[in-house]
Amino acid sequence: MAIRLIPFLVFLVAIAAVGIAAADRFRSRKTSPPAAPDPSRGRRRIVRWGFGLIGIILAVASAFSLGQRAIFLIAPLAISGYVAGLLLGELMMPSTPSGTVRRVSLDRRSFERYVQTRWIWVWRAAAGAAAVAVVAAGLAGGTDGRSLTLACTDGSMGGASPWPGWSYGGPALTALILGALLVELSMRRIVERARPDSDLLSATADEASRRASMRRLLAAGVAIGLVPLAGVSLSAAIIFGSICSPPGTLAWTGPLAVTLAILGFAAGLGAIASLASLIRIAETARSFPPGGLHA
């Protein structure tokens, strides 16, 4: 029963995120500064959301082919499609100057220039926590990867299923690793790509694009980690809360179930906030380059 609730929870997360983002965008539309001119912004937006749609299609196809085993990979795989589109969008940025006279930027670019360092570690902590949760659930589960068995205090054996073991966690871990690689590669591409020709894209627009891309990337990355973390935690909490009958109830399963439930709900709320942030991020004129272009 716990596993079967996950698609409904994922649907609620998506609806809540879209609703929050839409309300915030409507409220801030009139006060936001205009975006710096960028002729390729529209194409990159189409690529991002187009690949996001491809990710959703792949996630649905995985659900049809793997059945319930795809439960925890659906969200990471779908969001990874968006991240792949964001990476391709970075590759579509205008080219560097060419000709007899070339201009280069002497500004030193780093991750901290475009986003606060703590958000990078939030993303990595979310992905790491999700990986640890999936692996721990897999190791604790039965050999079938779908059940959990414990020795209760009255001498009986308590079993519960479906448990988020390797049968469910294996595909999820694969999707999580794929998403993590895409996020880390995209972070480096955003920072390290050369400054475009100023005749094609101004430095202000380029800086705004980099900052917005980094924020979108980290928001997507955090969601990639938190959604499966929420699913595994809540599923395990339900199992631990009911695995042994009252006469044989273990002293530690109740507190552990409460802890996992709190962690699961916190991760779910974090995923909602991350997806809402992803939807509302815009490339506004607030982003200005710290320095100029130098011959």
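Residues numbered from 1 in each chain as written. Predicted model: local features only at pLDDT ≥ 70, side-chain atom pairs only at ≥ 80, totals over all residues. Heavy atoms only, no water.

Once that is clear, we can look at the pattern of salt bridges. Inspection of the entire model under this criterion finds eight salt bridges. Of the charged contacts in the structure, one is a salt bridge between D206 and R195, with a shortest N-O distance of 2.7 Å. A residue pair is termed long-range when its members are at least 10 positions apart, and D206 in helix 7 (residues 203–240) and R195 in the loop between helix 6 (166–192) and helix 7 qualify at 11 residues. The shortest N-O distance in the salt bridge between R210 and D206 comes to 3.0 Å. Of this pair, R210 and D206 both sit in helix 7, four residues apart, roughly one helical turn. Within the structure, one salt-bridge network assembled from shared partners comprises E90, R113, R193, R195, D206, E207 and R210. (Salt bridge = Lys/Arg side-chain N within 4 Å of Asp/Glu carboxyl O. Helix = DSSP H or I, 4+ residues; strand = E, 2+ residues; numbered from the N terminus.)

Our next topic: the side chain of E184. For E184, the position within the fold is in helix 6. At 2.9 Å, the side chain of E184 and the side chain of R188 are in polar contact. If we ignore the near neighbours within four places in the chain, the residues touching E184 are W123 and R124. (Polar contact = N/O pair within 3.5 Å; in protein donor to acceptor, adjacent residues only side chain to side chain. Contact = heavy atoms within 4.5 Å.)

Here we take up the packing of aromatic side chains. Overall, the coordinates contain four aromatic pairs when judged by the stated rule. When the centroid spacing of 6.4 Å and the interplanar angle of 80° are considered together, the rings of F72 and Y168 count as edge-to-face. In this pair, F72 is assigned in the loop between helix 2 (41–66) and helix 3 (74–91) and Y168 in helix 6, connecting sequence segments 96 residues apart. Just as F72 is buried, Y168 falls in that class too. For the pair W163 and F240, a centre-to-centre distance of 5.4 Å together with 80° between the ring planes defines the contact as edge-to-face. Of this pair, W163 sits in the loop between strand 3 (157–160) and helix 6 while F240 sits in helix 7, and the two are 77 residues apart along the sequence. (Phe/Tyr/Trp six-rings, centres within 6.5 Å; stacked < 30°, edge-to-face > 60°. Buried < 20%, exposed > 50% of the residue type's maximum accessible area, 1.4 Å probe, protein only.)

We now examine the packing of helix 2 against helix 3. Interhelical geometry of helix 2 versus helix 3 gives an angle of 155° and a closest axis separation of 7 Å. Here helix 2 lies roughly antiparallel to helix 3, going by the angle between them. Where helix 2 crosses over helix 3, the handedness of that crossing is right-handed. Residues R44, V47, R48, W49, F51, G52, G55, I56, L58, A59, S62 and A63 of helix 2 lie in contact with helix 3, whose contacting residues are I74, L77, A78, G81, Y82, A84, G85, L86, L88 and G89. When grouped by side-chain class, the residues that make up the contact of helix 2 with helix 3 number 14 nonpolar, six polar and two charged. (Axes fitted to C-alpha atoms, helices over the stretch in contact; angles between N-to-C directions. Parallel < 35°, antiparallel > 145°, perpendicular 65-115°, else oblique. Left-handed = near helix turned anticlockwise from the far one by under 90°. Nonpolar A, V, L, I, M, F, W, Y, C, P; charged D, E, K, R; others polar.)

Glancing now at a nonpolar patch on the surface. On the surface, a nonpolar cluster with roughly 420 Å² of combined accessible area is contributed by F51, I54, L58, L88 and L91. Of all the secondary structure elements, the ones that give two or more residues to the nonpolar patch are helix 2 and helix 3. The greatest single-element share of the nonpolar patch, amounting to three residues, is contributed by helix 2. As for its position among the elements, L58 is in helix 2. (Patch = residues over 30% accessible without salt bridge, like charges linked within 9 Å, V, L, I, M, F, W, Y side chains within 5 Å. Areas by Shrake-Rupley, 256 points an atom, 1.4 Å probe, with all protein chains shown as cover.)

Residue P162 follows S161 across a cis peptide bond; omega there is 0°. You can see P162 is positioned in the loop between strand 3 and helix 6.

Below, the discussion takes up the confidence of the model for the protein. Within the protein, residue pLDDT values average 84, and 82% of them lie at 70 or more. Here residues 287–295 is modelled with pLDDT under 50, and outside its nearest four sequence neighbours on either side it reaches 25 contacts, counting other chains as well. (pLDDT = per-residue confidence, 0-100.)

Okay, the nonpolar core next. Side chains of nonpolar character tend, in soluble globular proteins, to be buried together. Counting 62 residues, the largest nonpolar core has M187, M214 and F240 as the members making the most contacts within it. When contributions to this core are tallied by element, the ones reaching two or more residues are helix 1 (2–28), helix 3, helix 4 (111–114), helix 5 (117–140), strand 2 (148–151), helix 6, helix 7 and helix 8 (253–280). The element that contributes the greatest number of residues to this core is helix 7, accounting for 17 residues. Setting aside residues up to four positions removed in sequence, M187 forms contacts with F111, I120, W123, R124, M214, L217 and L218. Counting residues in each nonpolar core, the second largest holds six residues, with A70, L73, L77 and A175 among its members. (Core = buried A, V, L, I, M, F, W, Y, C linked by side-chain atoms within 4.5 Å.)

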